[in-house]
Amino acid sequence: MLSIKEIASYLPETKVSNYAKKEKFVLDDNFIENKLGVKNHTLKMKDDKASDLCVKAYTNLLDKISIEKENIDCCIVVTQNPDFNIPHTSAIVHGKLGLSQNCACFDISLGCSGYVYGLSNIISFMKNNNLRNGLLFTADPYSEIIDSEDKNTALLFGDGATVTFINDNGVLSPQEFSFGTNGSAYKELICEDKLYMNGRAVFNFTATTIPQHIQELLAKCRLDDSDIDKYILHQGSKYIVDTIRKRLKVSEDKVPFEIYEYGNTVSSTIPMILENEIRNVETKRMIISGFGVGLSWASAIIERIKI
Amino acid sequence: MNITVENIKEVIMEADVLGDTDEMKNDIPLTDQGVDSLDIVNVYLLLEEKFDIKIPDEDLNLVQTIDSIVEYINKKLG
């Protein structure tokens, strides 16, 4: 069964402190630590593109697991900040990694729901085409589109990338997916020149739609809270994660929040937490849930199939 | 249904904002009394859900204080 074998990530060394912006944006420590949940956000090197971040995540993957590059037959990149409009970034990653010419490559244009969509896509695509070894990358360098004067966005986002290795000898297996879209609200989170976010609209969307969506997925799978060890929610901000948790009436220890030192890395926040959970054998069944630009959302039940 | 100051304070408490709602002044903007920019959107959402109304962005200047929220919602519920 195709499943998640290993996950690795890359975070740039350069960090920008939100404490240094306290005066400019009239912030206090409580707001930075307990509302945003982002003390520092990572910033990529100026010349690095999405593909470079992917390559660095792949290099970190090789520190964890031995991969025969010539056997990789599928490579997908989830990004909305590609290297270029044309070609697709996955082809550039393919070239930089020197993958086989028999490798399928395509991009998925999604934001914070992108990892869940990507996971469903790569497993379905590989299964239907009898492929054996896949790489699912997430890399969305938002520093390229952030207006540093915009308080709504300048404090939240960090650069980073992840890679998830899929094969038929994996540890974590997605069992059931659920997806949703509200395209009528696409203007609430949009980039024409720089990123614009209507904070109130995005908050209302996440606070109302996502808890209900997660509850519906649980009901569909005939599961309840006692069957779930972890809820791995997209790390939009601490306030968003706390709000969803409270509305789900789930205990705090089941809902990790881990972006204090790097920020909201868009489609990479979920795999960055999964990267740790993959080794936590206590976590047997979890929900992953991504939500954001589109407005788009997606969730999945993930089960440990091997220790 | 006539909405009271107490009804609004209950909603503010439900939003988990910092500080004691009993100490809050009814005629001073919530944002000047420790309710930050994230808490305030949560308060508005809870008001919308609790009283089954919509508070459009263009009306936000009408719902800055507890007194003005009471007046706004009572007008809406007419």
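Here's a quick rundown of the structure. (Residues numbered from 1 in each chain as written. Chains lettered and ligands numbered in written order. Predicted model: local features only at pLDDT ≥ 70, side-chain atom pairs only at ≥ 80, totals over all residues. Heavy atoms only, no water.)

Brief notes about the overall build of chain A
Then comes step 1: When helices and strands are tallied, chain A shows nine helices and 13 strands.
Then comes step 2: Computed over its C-alpha atoms, the radius of gyration of chain A comes to 18 Å, within 12% of the 19 Å expected for a compact globule of 307 residues.
Then comes step 3: Taken along its principal axes, the extent of the C-alpha atoms in chain A is 55 × 50 × 35 Å.
Then comes step 4: A total of 307 residues make up chain A; the buried ones form 60% of that total.
Then comes step 5: For chain A, the accessible surface area stands at approximately 12700 Å², while carbon and sulfur atoms represent 47% of it.
Then comes step 6: Averaging the coordinates of the 34 positive side-chain charges in chain A and doing the same for the 40 negative ones gives two points 3 Å apart. (Helix = DSSP H or I, 4+ residues; strand = E, 2+ residues; numbered from the N terminus. Rg over C-alpha atoms; globule rule 2.2 N^0.38 Å. Buried < 20%, exposed > 50% of the residue type's maximum accessible area, 1.4 Å probe, protein only. Areas by Shrake-Rupley, 256 points an atom, 1.4 Å probe, with all protein chains shown as cover. Lys, Arg positive; Asp, Glu negative; His and termini not counted. Charge placed at Lys NZ, Arg CZ, Asp CG, Glu CD.)

Considering the nonpolar core
Then comes step 1: One finds Tyr 231 of chain A together with Ile 8, Leu 47 and Ile 73 of chain B to be the most contacted residues of the largest nonpolar core, which totals 73 residues.
Then comes step 2: Residues in contact with Ile 8 of chain B, not counting those within four places in the same chain, are Ile 3, Leu 47, Phe 51, Ile 66, Ile 69, Val 70 and Ile 73 of chain B.
Then comes step 3: Judged by nonpolar contacts, the second largest core, of 31 residues, contains Leu 119, Ile 166, Ile 273 and Ile 288 of chain A. (Core = buried A, V, L, I, M, F, W, Y, C linked by side-chain atoms within 4.5 Å. Contact = heavy atoms within 4.5 Å.)

So, helix H5 (residues 114-128) of chain A
Given 3.6 residues per turn, any residue in an α-helix points the same way as the ones three and four places further on.
Then comes step 1: Compared with the 21 Å implied by 1.5 Å per residue over 15 residues, the 21 Å span of H5 of chain A between its first and last C-alpha is a close match.
Then comes step 2: All of the buried residues in H5 of chain A are Gly 114, Tyr 115, Val 116, Tyr 117, Gly 118, Leu 119, Ser 120, Ile 122, Ile 123 and Met 126 of chain A. (Expected span 1.5 Å × (residues − 1).)

Describing the interface of chain B and chain A
Often the size quoted for an interface is simply the accessible area lost on bringing the parts together.
Then comes step 1: Contact residues are listed per partner, giving 18 residues for chain B and 12 residues for chain A.
Then comes step 2: For the pair chain B and chain A, the summed buried surface comes to about 1200 Å²; carbon and sulfur atoms form 48% of the total.
Then comes step 3: Per-residue buried area on chain B facing chain A is highest for Leu 38, Val 41 and Leu 45 of chain B; these three make up 40% of the total on that side.
Then comes step 4: Linking chain B to chain A there are nine residue pairs in polar contact (both at pLDDT 80 or more).
Then comes step 5: Broken down by class, the residue content of the side of chain B that touches chain A amounts to 10 nonpolar, two polar and six charged. (Buried area = accessible area lost by both parts, 1.4 Å probe. Polar contact = N/O pair within 3.5 Å; in protein donor to acceptor, adjacent residues only side chain to side chain. Nonpolar A, V, L, I, M, F, W, Y, C, P; charged D, E, K, R; others polar.)

A word on the packing of aromatic side chains
All names here are of chain A.
Then comes step 1: Scanning the entire structure with this criterion turns up seven aromatic pairs over all chains.
Then comes step 2: Ring centres of Tyr 117 and Phe 179 lie 4.7 Å apart, and the angle between their planes is 45°; on these two criteria the pair is classed as tilted. Taken together, the residues Tyr 117 in helix H5 and Phe 179 in strand S8 (residues 172-181) connect sequence positions 62 residues apart.
Then comes step 3: Judged by its relative accessible area of 39%, Phe 179 is partly exposed.
Then comes step 4: Both rings, one in Tyr 142 and one in Phe 157, keep their centres 4.7 Å apart while their planes meet at 40°; by these two values the pair is tilted. Placement of Tyr 142 in the loop between strand S6 (134-139) and helix H6 (151-154) and of Phe 157 in the loop between H6 and strand S7 (161-167) is noted, with a sequence separation of 15 residues between them.
Then comes step 5: Its relative accessible area of 9% is what places Phe 157 among the buried residues.
Then comes step 6: Site record: aromatic cluster; members linked through ring pairs are Tyr 117, Phe 177 and Phe 179. (Phe/Tyr/Trp six-rings, centres within 6.5 Å; stacked < 30°, edge-to-face > 60°.)

Here's the deal with the side chain of Thr 243 of chain A
All names here are of chain A.
Then comes step 1: When you line up the elements, Thr 243 lands in helix H8 (residues 238-248).
Then comes step 2: On the basis of relative accessibility, which here comes to 8%, the residue Thr 243 falls in the buried class.
Then comes step 3: Excluding anything up to four places from it in sequence, Thr 243 contacts Phe 203 and Ala 207.

A look at the environment of Gly 160 of chain A
Residue and element names in this part refer to chain A.
Then comes step 1: Within the fold, Gly 160 resides in the loop between H6 and S7.
Then comes step 2: For Gly 160, a relative accessible area of 2% corresponds to the buried category.
Then comes step 3: In this structure Gly 160 touches Tyr 10, Leu 11, Pro 12, Leu 53, Thr 138, Ala 139, Asp 140, Thr 265, Ser 268 and Met 272, once residues within four positions along its chain are discounted.

That's the geometry; what it means functionally is another story.
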